[in-house]
Structure formats: C-alpha cells, structure tokens
Amino acid sequence: MSCISVDVVVVGGGQAGLGTAYHLARRGLDIVVLERGRLGETWLSQRWDSFALNTPNWMNGLPGAPYEGPDPFGFMTHSDLAASFEEYAERFGLPVRIGVTVTRVGRSDGGGRYLVVGEMSEGEQLTYETDSVVIASGILQSPRLPAVSSKIPDGVVQLHTGSYKAPDELPDGAVLVVGGGQSGAQIVEDLHGAGRTVYFSISKAPRLPRRYRGRDFMDWWLEMGLWDVETDDVDDPTVLTTTNPLVSGVGPLGHSVSYQQLARDGVQLMGRLEDVMGHEITTDDGVLEYIRNADAKSEELRDKIDRFIEEQGLAAPQPDPDPADRSLSEDEHVDYLTRLDLKEADVGTIIWCTGFTADFSWIDLPVTETSGKPAHHNGEGPVPGIYFVGFPWLSKRKSGVVLGIDEDARHISELILQSHNTH
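Residues numbered from 1 in each chain as written. Predicted model: local features only at pLDDT ≥ 70, side-chain atom pairs only at ≥ 80, totals over all residues. Heavy atoms only, no water.

**Q** What is the right way to look at the sheet that holds strand β10 (residues 198–201) in this model?
**A** What holds strands together in a sheet is hydrogen bonding between their backbones, with the strands either parallel or antiparallel. With parallel pairing, six strands are arranged side by side in an open sheet as β8-β20-β9-β10-β15-β18. Here the strands that pair on one side only, and so sit at the sheet edges, are β8 (157–160) and β18 (336–337). Sheet analysis places strand β15 (residues 268–270) next to β18, joined by two bridges and oriented parallel. By the bridge assignment for β18, Leu 269 is matched with Tyr 336. Lying over the sheet, helix α4 (residues 182–193) contacts β9 (174–178), β10 and β20 (347–352), oriented at roughly 170° with respect to β10. (Pairing = 2+ DSSP bridges. Helix = DSSP H or I, 4+ residues; strand = E, 2+ residues; numbered from the N terminus. Contact = heavy atoms within 4.5 Å. Axes fitted to C-alpha atoms, helices over the stretch in contact; angles between N-to-C directions.)

The structure is reproduced here in structure tokens:
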C-alpha cells in the first residue's frame, strides 16, 4: 500500500476544513483536505429540503472571501452554502479529495509522524503520512435516539432529524415531533405549513427575537461583542452546552419562533417525552414552564439591546410588533397534552429531533475526554500535532458558526507553521 507524505492532513471539507486549508496553503504548506462525501456533505445530507441557515448571509463568508452578494441580510439555503464551498475550493485551488472516509488516525511506525488512513468510495484504501492533522469533521456524525424509541409500536415510522426531507415524503397521518430545540421547531413549522396535523413534544430550550429594533439579533450580538466572548472567560459551564435558540432563517428576513405561536397556529403542544406504553406516550407537565423559560431568554436579550442602545446613544427604531416574540400572558390559555394514543391520533410518523453525538473512535490517540468530546485548548489538542477546528465554543462563542472560522483557522495555521519550522 503506497503512502503519500504531506505536511498537514485536514479531515473534513466543510467551512472549518476549507477555511483552515486556505490559511495553511497561503503559508506554503503541503496539505490535503479529505472529505467523506461532497464538500459541505453534512449541510447537504442532514438538512431538510426547506432548510435555510439561521445566520444572515453577511456572516457566511469564508477566509479571503467575504460575502459580496446582493442580499447580506437574507438567509441562504443549505444547498447554496454547499455550492459556495465548491466555488471557494476552486477559486483558491485547495487540494481536496472527496469521497474519502477517514477510518484511522494514529502514530506512524517511526513514532514522530501520523498516519491517516482513508477508504475511497470505490473501496480503495488511501494512506497519508503527516506531521499534523486538523480535525474539522464537526460533531454531527451519529444520530442520538432516546432509549424509549425502542418501545414505539410497529407500524409507526421513525425518522431522525438527519433523515427528514419533506412533508410529502412521510406516510399519511399525523406526525409527532419529539425534541423542542431549534431543529424540532423548524420541522414542526415545515410540517404544519404543509397542512399536516402535528404534535410537538417540547422541552427547555431558549428562544430569541429574530429582529429587534431594526436589526437581526446576530447583528446586535456582533456590535455588542457577544460573538467574541472567549470560552476561557465563561464562568457558567452550562452556557457552553446550551441548546441553540428557537429562531428561523426561512423567509426574506427570517422570523422569530415560539412555542406559544406554534400553539396559536394550531400545533398541539406536549411536554417532554417520558415513556411509551403500548400505543400511548406520556410526557411531563412542563409545557407552561418551558414556554416561560424561553420567554425569559428573549426578554433578557431585548433588555440588553435596549441598554446598549441607550448607553451608546444609538439611533434605533422602536420594536415592531412580533406575534411570535410576544411573551405568554398570565391569562392566555395554552392547550397542551401529557398523554397521546398514537393509534387514536392516527400518528403515522415520529421524528426524533434529539440531536447528534460526535464519533471520534477513528482517532487512535488520546485526544478525547471521558465524555467523548475533543480535549483541546483553543483548538490545540493534548497530543502535539493534533488540532481541532469548527467546534462550538472552540475559542469563542462564534467558533461554531462560519463567522468564527477565519480567526480559529488562522490561529491553528500559525501553530502548525511554528511547529513545522522547528522540525
């Protein structure tokens, strides 16, 4: 088996891998980017047809290629983003090998370098020997399903978020969506908009106003410095694992999403799923608590923006009325269920919006914590020559979105160049 020698192997051809490759190539290093599918494969294969990014277009430019299109405050689709990756790799002549699934990263026989073994789509094996490996494969490898999913009766189709594509591809009947985070709420909107009867098992997830006082909340975050909050400065560790807020990029300027607005529109809310017995599912009684928790997060951000505007003496319009961002009033009735007979409700499909787990079992090195998450500091792994990029809160809040790739990729590239020059 032949072995190709390069300075750096980048695993993953999404925004993180390509952005890092750009900086490495500019520094004159011999590199290769290995991607298991197409460029942006995760965006293409694990998103539904109507999906739009939740970050405005101005946030989605890669290193050396800021967004210059006609709609900076609009929201591109996942396929548009993947197409921009293709154009980016071609524009800068990045050395990408697609259709290569990396199956092992480990020490070479000499001990000083690493072997990266990949399997090509046609079954052929490919091996690289390298000084440095950048892991840019993301954290969406393996769908996470709750144990209770095994108790769902036969005849009810079960899908995970990563497999859902469109309402008309589902069996007839009502749909139960389990998982009250960002993806769950957006899929509920997609289904309800297509006329499907939807039951939504929610949970404790924050929500934020899409726009407030004339600007997208992400634009406010940038000006207020919230995107640049450093991981090392976060006192509350729960902040680092908080579920993404309910919000959507669907529509010309996106829109706010709230549990109570979904209920007003006709979605049947349920509590957090607890058990399945025969055809009956049971949930907790926390719907109102979950709604008010989400409302509090939205109100907290609005208050921060109001204070910032006042302190900075900015000219900003008063907020436009937004029904979806209207907090649940004390006297507003929200109908919800804690029990549902799947058979009586004619539920033909359950969609599990319960997240993904990262799989780094192919890295044959001590680079993960006991939880399985990457062990690193600002992207620098515990083993010399191993680096991570593109993960949430890698160094700052913005690390997990395209906006943060340039800074993290530049930092990792400088570390690799310094290490390369000392060899």
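So that's the structure; there's more coming.
**Q** How do you make sense of the side chain of Asp 284 when you look at a structure like this?
**A** With respect to the helices and strands, the residue Asp 284 is situated in the loop between β17 (280–283) and α7 (287–312). The side chain of Asp 284 is buried and forms no salt bridge, while Arg 272, the nearest opposite charge, is found at 5.7 Å. Polar contacts involving the side chain of Asp 284 include one to the main-chain amide nitrogen of Arg 272, which spans 2.9 Å. There is a polar contact of 3.1 Å between the side chain of Asp 284 and the backbone nitrogen of Gly 286. (Buried < 20%, exposed > 50% of the residue type's maximum accessible area, 1.4 Å probe, protein only. Lys, Arg positive; Asp, Glu negative; His and termini not counted. Salt bridge = Lys/Arg side-chain N within 4 Å of Asp/Glu carboxyl O. Polar contact = N/O pair within 3.5 Å; in protein donor to acceptor, adjacent residues only side chain to side chain.)

**Q** Just to check I follow, could you spell out the packing of aromatic side chains for this structure?
**A** Where two aromatic rings form a pair, the distance of their centres and the angle of their planes describe that pair. One pass over the full model with this rule turns up 14 aromatic pairs. With a centroid separation of 5.0 Å and an interplanar angle of 75°, the aromatic rings of Trp 221 and Trp 227 are classed as edge-to-face. Trp 221 gets classed as buried once you look at its relative accessible area, which sits at 13%. The rings of Trp 43, Trp 48, Phe 51 and Tyr 164 are connected pair by pair, giving a single aromatic cluster. The ring of Trp 43 is capped by Arg 47, whose NZ or CZ atom sits 4.3 Å from the centre of that ring. Positioned above the aromatic ring of Trp 220 is the side chain of Arg 215, whose terminal nitrogen or guanidinium carbon lies 4.1 Å from the ring centre. (Phe/Tyr/Trp six-rings, centres within 6.5 Å; stacked < 30°, edge-to-face > 60°. Lys NZ or Arg CZ within 6 Å of the ring centre and 35° of its normal.)

**Q** Sorry if this is basic, but what is going on with the nonpolar core here?
**A** Across soluble globular proteins, you tend to see nonpolar side chains buried next to one another. Counting 83 residues, the largest nonpolar core has Ile 135, Val 177, Phe 200 and Ile 386 as the members making the most contacts within it. In this structure Val 177 touches Gly 184, Ile 187, Val 188, Leu 191, Val 198, Tyr 199, Phe 200, Ser 201, Ile 351 and Cys 353, once residues within four positions along its chain are discounted. Residues Leu 176, Val 276, Ala 345 and Ile 350 belong to the second largest nonpolar core, which totals 17 residues. (Core = buried A, V, L, I, M, F, W, Y, C linked by side-chain atoms within 4.5 Å.)

**Q** I'm lost on the packing of helix α5 (residues 217–224) against α7 in this one. Help?
**A** Two numbers describe a pair of packed helices, the interaxial angle and the distance between the axes. The contact between α5 and α7 brings their axes to 11 Å, and the two run at 50°. One element, α5, and the other, α7, form an angle in the oblique class. In terms of crossing hand, the pair formed by α5 and α7 is left-handed. Counted together, Phe 217, Trp 220, Trp 221, Glu 223 and Met 224 of α5 and Leu 301, Lys 304, Ile 305, Phe 308 and Ile 309 of α7 form the full contact between these two elements. Looking at the contact of α5 with α7, its residues break down into eight nonpolar, no polar and two charged. (Parallel < 35°, antiparallel > 145°, perpendicular 65-115°, else oblique. Left-handed = near helix turned anticlockwise from the far one by under 90°. Nonpolar A, V, L, I, M, F, W, Y, C, P; charged D, E, K, R; others polar.)

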